[in-house]
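What follows is each chain in one-letter form.
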Amino acid sequence: MISRIKKDSWLLTTPVAHRGLHNELYGENSMGAYKNAIANGYPIEMDVQLSKDGVALCFHDDSLERVCAKKAYINDLTHEEIKELKILNTEEGIPTFEDFLKEVNGQVPLMIEIKQQRSKEYDIAKKVVDALKDYKGEFVVQSFDPFIMQRVKKYAPHILRGQLGGVPERGNLSWVKYTVVKKLTFNFLSKPDYINYYLNHMPINKKTPTVCWTVRTEENLALARKLNVNFVFESVNPNE
């Protein structure tokens, strides 16, 4: 099968800013971090979650506690309630996915991660696909959940799909989920155009184009370069 991703694609050649180019001034997945990535010419990796009332938001964690000091799950609050929260001691709130797309407006490519949802009331794959319907810039969509990516394939087969894989440790994952994520067992469902795999478990024996996550240290950077693979990064300068 011929890959839909060309060898000179940004996805395989240009380091991608993890949750935007965030730092002590701009919190992760904030509009400031996205603008900073744009100003520095980096593609943006970001995450999508849904509020209780089905609004697509730019946020990584299930819980709001780490980033917003709120002991609640993002899926359990309405967008109106979430509007009151601030990101990591800044004055910035959690952006909507719609506002994010309007702000970027094709200036840099996007790597959009769809997160698994605690609530199944809304189909997050459909929400993301619908929001991207008229978007003119370059983007790919990815998830750890192959069933989410299967739905993306169903709703919009033209969208370039990525399967996330690998985990640093099992943690509270069941052995089944751990094996699926590590071995990419259900790729036959998502039929990904590329794989985004955990750096420290690279390389993997796959013919599919592969990038890796997440370069955070100079040692990580050296390893990614040794493996000759593009990467998602934070806390380092990939151009040094």
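Below is a short write-up of the structure. (Residues numbered from 1 in each chain as written. Predicted model: local features only at pLDDT ≥ 70, side-chain atom pairs only at ≥ 80, totals over all residues. Heavy atoms only, no water.)

## Topic: the environment of H79
Okay, step 1: Locating H79 in the fold gives a position in helix α4 (residues 79–82).
Okay, step 2: Residue classification places H79 among the buried positions, given a relative accessible area of 14%.
Okay, step 3: Remark: the alpha-carbon pair of H79 and T96, spanning 17 residues in sequence, is separated by 9.0 Å.
Okay, step 4: Once residues lying within four places of it in the same chain are set aside, the contact partners of H79 are S51, D53, V55, L57 and T96. (Helix = DSSP H or I, 4+ residues; strand = E, 2+ residues; numbered from the N terminus. Buried < 20%, exposed > 50% of the residue type's maximum accessible area, 1.4 Å probe, protein only. Contact = heavy atoms within 4.5 Å.)

## Describing helix α7 (residues 146–155)
Okay, step 1: Buried within α7 are the following residues: P146, I148, M149 and V152. Looking down the long axis of α7, one finds its buried residues gathered within 155 degrees of arc, a one-sided arrangement.
Okay, step 2: Along its buried surface, α7 packs onto β4 (110–114), α6 (124–131), β5 (139–143), β6 (161–165) and α9 (187–190). (Arc of directions from axis to C-beta.)

## Brief notes about the environment of E240
Okay, step 1: Here E240 is to be found in the segment after β9 (231–233).
Okay, step 2: For the pair E240 and E218, spaced 22 residues apart in sequence, the C-alpha to C-alpha distance is 9.8 Å.

## Concerning the packing of α6 against α7
Okay, step 1: Taken N-terminus to C-terminus, the directions of α6 and α7 make an angle of 40 degrees; their axes are 9 Å apart at the nearest point. With respect to each other, α6 and α7 are oriented oblique. Handedness of the α6/α7 crossing: right-handed. Packed against α6, whose contacting residues are I124, A125, K126 and V129, the element α7 presents I148, R151, V152 and Y155 at the interface.
Okay, step 2: Its residues assigned to classes, the contact of α6 with α7 comprises 6 nonpolar, no polar and 2 charged. (Axes fitted to C-alpha atoms, helices over the stretch in contact; angles between N-to-C directions. Parallel < 35°, antiparallel > 145°, perpendicular 65-115°, else oblique. Left-handed = near helix turned anticlockwise from the far one by under 90°. Nonpolar A, V, L, I, M, F, W, Y, C, P; charged D, E, K, R; others polar.)

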